[in-house]
Structure formats: structure tokens, C-alpha cells
Amino acid sequence: MKFFILAVGNKMPDWIRTGYLEYIKRLSGEITVNLIEIKPEKRVGGKSVAQLLQAEYQRIRAALPPDCFIVVLDERGQQWTTVKFAGVIQEWMMTQNAIAFIIGGADGLHDDIKQAAHAIMALSKLTLPHGLVRVLLAEQIYRAISINKNHPYHRA
């Protein structure tokens, strides 16, 4: 099973890269997670937020692997408990060939990518820094897989 994380933002601090990689390396060989960093649009020249999001949307669409089940992360998306998320992940893994999680940048995501999504999920109702979302998502994917394999990582 292939997972992709498309994340607007590059040049992340070391603690983000370290935290993200800590959970990704724990996943077994049956699941691969590929991080695709999307260069954010420069916030210069008086561009409107709509113009910035449109440019980032074009980069996301160009980088999105074909035939992926698209999951957008957005604070207004569906929230699940960890156990429910594990069930959702298991269902997606049984019915999809690849899953692409999309994390927006400082201004969020263009509405067109949200409309193209098969699912919109929230890790929290809080607005989170997009770099931190990478770490939290990687941990929750690892936790979900651990639950589905009856691994003791998750203790309820």
C-alpha cells in the first residue's frame, strides 16, 4: 500500500523532519509513505490570497500521483477518534490502491482541491502549523496501523 503526503512548504526545521521520520521509519514494509513537498508561492508583489492558493493548487495537481484516493486535511473536516481513524484507514487500504493526504500551507488550500477530495479530515479543530501537521499525521498513520495489527503502541 502506498501513502503519499503532499505538503505545501519546504525548508522545514530539523525538529519537524526528525519527528516525521521517527514515525515513518516505524511503519512496516507493506506500507510506504512518500512525502512530496510543494513549494509555497512567494508572498510578495501584492498577490492576493486567492492568487497564492491558485498557484499552490496548480503545483499540488501537477505533483499528485495518478489514481490516488485524495484526503485533504482541513480544520473544518471530519474528525474521528483514533480508533475510528484506524478503521477508516483499514477500509481505505482494502478499497484503494494509493492514498494521498494533502496538507495546505500558511493560507490553507484552494477550494478546487477540497472539491476534488474524496475525504476531508481534521486532526483537530485547532488551526495547526502546517509543518506540525506532517508530524501529527505521520504519528496517527503509525498509530492506526498499530491498532489494526494489534500492536501495543496504542493503549486505550
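Residues numbered from 1 in each chain as written. Predicted model: local features only at pLDDT ≥ 70, side-chain atom pairs only at ≥ 80, totals over all residues. Heavy atoms only, no water.

Re the nonpolar core
Moving on, step 1. Among the nonpolar cores identified, the biggest contains 34 residues, and Ile5, Trp92 and Phe101 are the most heavily contacted of them.
Moving on, step 2. Where this core is concerned, the elements lending two or more residues are strand E1 (2-8), helix H1 (14-24), strand E3 (69-78), helix H3 (82-95), strand E4 (98-103), strand E5 (119-121) and helix H5 (130-148).
Moving on, step 3. Element by element, the count of residues in this core is highest for H5, at nine residues.
Moving on, step 4. Excluding residues within four positions of it along the chain, Phe101 makes contact with Phe3, Phe4, Ile5, Leu6, Val71, Leu73, Ile89, Trp92, Met121, Leu137 and Ile141. (Core = buried A, V, L, I, M, F, W, Y, C linked by side-chain atoms within 4.5 Å. Buried < 20%, exposed > 50% of the residue type's maximum accessible area, 1.4 Å probe, protein only. Helix = DSSP H or I, 4+ residues; strand = E, 2+ residues; numbered from the N terminus. Contact = heavy atoms within 4.5 Å.)

Quick notes on unusual backbone geometry
Moving on, step 1. One non-glycine residue, Lys11, adopts positive backbone phi at about 60°.
Moving on, step 2. Looking at where Lys11 falls in the secondary structure, it is placed in the loop between E1 and H1.
Moving on, step 3. A positive phi angle, close to 55°, is found at Asn150, a residue other than glycine.
Moving on, step 4. By secondary structure assignment, the location of Asn150 is in the segment after H5.

Focus on the pairing of E1
Moving on, step 1. The element E1 is largely enclosed, with a buried count of six among its seven residues.
Moving on, step 2. In the sheet, E1 pairs with strand E2 (residues 32-38) via seven bridges, with the strands oriented parallel. From the neighbouring strand, Val8 faces E2, where its bridge partner is Ile38.
Moving on, step 3. Once you follow E1 into H1 and on to E2, the crossover reads as right-handed.
Moving on, step 4. In the sheet, E1 pairs with E4 via six bridges, with the strands oriented parallel. Following the sheet pairing, Phe3 is matched in E4 by Ile99. (Pairing = 2+ DSSP bridges. Right-handed = clockwise from strand over helix to strand, strands pointing away.)

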